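Read off the chains here:
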Amino acid sequence: MTHAPSTDNAMTLTTAQLDAYLARIGVTQPVSLDIRGLSTLHRAHLMSFTWEALDAFMGWPSSITPRSAFTKMVEGKRGGWCYEMNGLFGAALSALGFRVTRLCGGVDRERLGDIAIGNHLTLRVDLDRPYLAEVGVADAIIEPVPLVVGPISQRGFDFSIVPTDGGWLRFNNHRRGIAKSFDFRPGQSDEAAMAATRGWLMQDPGSPFTNALAVLRHTADGYIALQNDGLRRVTANDVREQRITSADHLAETFETVFDLAVPEAGCVWEKIQAIGSSKAA
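Presented here is a report on the structure given in the accompanying data block.

Reading guide: rules and limits
- Residues numbered from 1 in each chain as written.
- Predicted model: local features only at pLDDT ≥ 70, side-chain atom pairs only at ≥ 80, totals over all residues.
- Heavy atoms only, no water.
- Helix = DSSP H or I, 4+ residues; strand = E, 2+ residues; numbered from the N terminus.
- Expected span 1.5 Å × (residues − 1).
- Contact = heavy atoms within 4.5 Å.
- Pairing = 2+ DSSP bridges.
- Buried < 20%, exposed > 50% of the residue type's maximum accessible area, 1.4 Å probe, protein only.

An ideal rise of 1.5 Å per residue puts 20 Å on 14 residues; helix 2 (residues 35-48) measures up with 20 Å between its terminal C-alpha atoms. Those residues of helix 2 hidden inside the fold are in contact with helix 1 (15-25), helix 4 (66-75), helix 5 (82-96), strand 3 (120-126), strand 4 (130-133) and strand 10 (214-218).

Written as structure tokens, this is what we have:
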């Protein structure tokens, strides 16, 4: 089934950028514009890019436009957080001809209420039916799922989509997920809300991303998560933990475990240590 390029998302990639993106994730053209093609791209993206919010944690300048995400992630060997991960993926899908809608979501809206709206970008892709494409939660689904209420199981992890108040749907992550849930409406795009909330997440001392380091990457059977100096390797049936013990250890972990080229890893380590000291005080 063939679709014209999406009119819901003007943020796309040039032909040269699309070619570079596909090379980065190891996918060759032509890509079929169906669930098979979408699933291949979704998995390849998550197996190629690391979720990380280092810019917010360190106070480094950044932009969340798909083209800025392309420069950072494809050319710069970095990862990204939800706005960048789903933003770049959605832009690539649009450039390929998929019909994509950027949806304004709210992580942890179940607990925080409507103040959470805009703190997450997720994607709807319309094929034979609507699908949820989600590469920005970091430890959730690895392939797209039909955008319908019901249970979801992938690689032994259990998820679900359930209805909640006011026409919102709630995606529930698996029981070990760092982000427990996010809410979205299947047709609600709100770029202004996401831009405003992104500013708060990047700069406010109360943001979860400015006061804690979080880096995650999918593996063949689960994911690896770094939270401050704690490293966890998670599968559906097992969790293994270790501690990062030095700046050199952190730099090696960024490079060999997460495939990241992180500038000033020593400064990142210093901030992790400072956070640990303030919590112990």
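A word on the sheet that holds strand 6 (residues 150-154). What the eight strands build is an open sheet, ordered 5-4-3-2-9-8-7-6; its pairing is antiparallel. Strand pairing shows two members of the sheet lacking a second neighbour, strand 5 (145-146) and strand 6, which therefore form its edges. Relative to strand 8 (residues 169-172), strand 7 (residues 157-163) runs antiparallel, the two sharing four bridges. Paired with Pro163 across the strands is Leu169, a residue of strand 8.

What follows covers the environment of Trp200. Mapped onto the fold, Trp200 is located in helix 7 (residues 191-203). You can call Trp200 partly exposed: its relative accessible area is 38%. If we ignore the near neighbours within four places in the chain, the residues touching Trp200 are Gly206, Ser207 and Pro208.

Whenever strands of a sheet pair, they do so through backbone hydrogen bonds, lying parallel or antiparallel. A sheet is described by the order of its strands in space; here five strands give the open sequence 1-10-11-12-13, paired in antiparallel fashion. Unpaired on one side and paired on the other, strand 1 (51-52) and strand 13 (239-243) mark the two borders of the sheet. Here strand 1 runs beside strand 10; their pairing, made up of two bridges, is antiparallel. Note that in strand 10 the partner of Trp51 across the bridge is Leu216.

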